[in-house]
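Chain by chain, the residues:
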Amino acid sequence: MGIVDTYKLIDKYYADSPELRHVLVTHSEQVRDKALQICYAHPEWQVNKDFIAEAAMLHDIGIIYCYAPNIYCFGSHKYIEHGYLGAELLRNEGLPLHALVAERHTGSGITIEQVIREDLPIPVRDYVPVSLEERIICYADKFYSKSHLGEEIDINKIRQNIWKYGHDAILRWEQLEQEMDSSHPA
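About the criteria used
- Residues numbered from 1 in each chain as written.
- Predicted model: local features only at pLDDT ≥ 70, side-chain atom pairs only at ≥ 80, totals over all residues.
- Heavy atoms only, no water.
- Helix = DSSP H or I, 4+ residues; strand = E, 2+ residues; numbered from the N terminus.
- Buried < 20%, exposed > 50% of the residue type's maximum accessible area, 1.4 Å probe, protein only.
- Salt bridge = Lys/Arg side-chain N within 4 Å of Asp/Glu carboxyl O.
- Axes fitted to C-alpha atoms, helices over the stretch in contact; angles between N-to-C directions.
- Parallel < 35°, antiparallel > 145°, perpendicular 65-115°, else oblique.
- Contact = heavy atoms within 4.5 Å.
- Nonpolar A, V, L, I, M, F, W, Y, C, P; charged D, E, K, R; others polar.
- Phe/Tyr/Trp six-rings, centres within 6.5 Å; stacked < 30°, edge-to-face > 60°.
- Polar contact = N/O pair within 3.5 Å; in protein donor to acceptor, adjacent residues only side chain to side chain.
- Core = buried A, V, L, I, M, F, W, Y, C linked by side-chain atoms within 4.5 Å.

1. Remarks on unusual backbone geometry
Item 1. The backbone of Y72 sits at a positive phi, close to 70°, despite the residue not being glycine.
Item 2. Tracing the backbone through its elements, the reader meets Y72 in the loop between β1 (67-68) and β2 (73-74).
Item 3. Residue Y72 is classed as partly exposed on the basis of its relative accessible area, which comes to 41%.
Item 4. One non-glycine residue, D119, adopts positive backbone phi at about 50°.
Item 5. With respect to the helices and strands, the residue D119 is situated in the loop between α6 (112-117) and α7 (132-141).

Written out as structure tokens, the structure reads:
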């Protein structure tokens, strides 16, 4: 796997949306830095830090297609769709592993049962992070909001945010939390 110029790829799609580009890049840099901090806290993990840095920078690339005017998104899709839309974009760019991160980072993951039960406007399949790299980025992402750039979200607030998605979501979050906690090496 070669090194991906993530800023060049972001600019390919976001050059005409400077405000949204700023939101995406700022959030993604925060997530990247948190994900790498987790990696360095776990030297026993055999992970590709270059890939983690790239995938963290690109995990939200699909927001340009969604409607969330508070963060300068003026697309036509619902925000919940940004993961799979970003994944399609990244697959088309020849980045299938990066695409999996984009597809599986939302919440603590979205199960096929949740997609069906809540009639979510996304293709019916599992969106739960599988690889260690996917789990690291999914976890790191929850600490930063695109609507409050620069602020790290308190772990208790993250739990409250996840809880609204149900018992299964909070169990997945607690598993991520335990796995990522540097005092509990995986």
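Continuing now.
2. A look at the pattern of salt bridges
Item 1. Applying the stated criterion across every chain yields a total of twelve salt bridges.
Item 2. Taking the shortest distance from any N to any O, the salt bridge between R117 and E118 comes out at 3.8 Å.
Item 3. Overall, E118 belongs to the partly exposed group, its relative accessible area being 37%.
Item 4. Put simply, K142 and D141 hold a salt bridge, and the shortest N to O gap is 3.1 Å. There is no split in this pair, since K142 and D141 are both buried.
Item 5. Salt bridges here are not isolated pairs; linked through shared partners, they connect R91, E103 and R125.

3. Some thoughts on the packing of helix α4 (residues 82-92) against helix α5 (residues 96-104)
Item 1. Across the interface, α4 lies against α5 with an axial gap of 7 Å and an inter-helix angle of 175°. One element, α4, and the other, α5, form an angle in the roughly antiparallel class. Listed contacts from α5 to G83, Y84, G86, A87, L90 and R91 of α4 are P96, H98, A99, L100, A102 and E103.
Item 2. When grouped by side-chain class, the residues that make up the contact of α4 with α5 number seven nonpolar, three polar and two charged.

4. A few points about the packing of aromatic side chains
Where two aromatic rings form a pair, the distance of their centres and the angle of their planes describe that pair.
Item 1. Scanning the model with the defined rule gives three aromatic pairs in all.
Item 2. Ring geometry for Y139 and W173: centres 4.9 Å apart, planes at 15°, overall stacked. Taken together, the positions of Y139 in helix α7 and W173 in helix α9 (residues 167-180) put the pair 34 residues apart, joining distant regions of the chain. As far as burial versus exposure is concerned, Y139 and W173 are alike and both buried.

5. Notes on the side chain of S145
Item 1. When you line up the elements, S145 lands in the loop between α7 and α8 (155-163).
Item 2. Residue S145 is classed as buried on the basis of its relative accessible area, which comes to 18%.
Item 3. A distance of 3.4 Å separates a polar atom in the side chain of S145 from the backbone nitrogen of H148.
Item 4. Those residues in contact with S145, other than ones at most four positions away along the chain, are H27 and I153.

6. Quick word on the nonpolar core
Item 1. Core analysis: the biggest nonpolar cluster contains 29 residues, and I52, I136, I137, W173 and M180 have the highest contact counts within it.
Item 2. Mapped onto this core, the elements with two or more residues apiece are α2 (18-41), α3 (49-58), α7, α8 and α9.
Item 3. Ranked by size, the runner-up nonpolar core spans 22 residues in total, among them I10, L24, M57 and C73.

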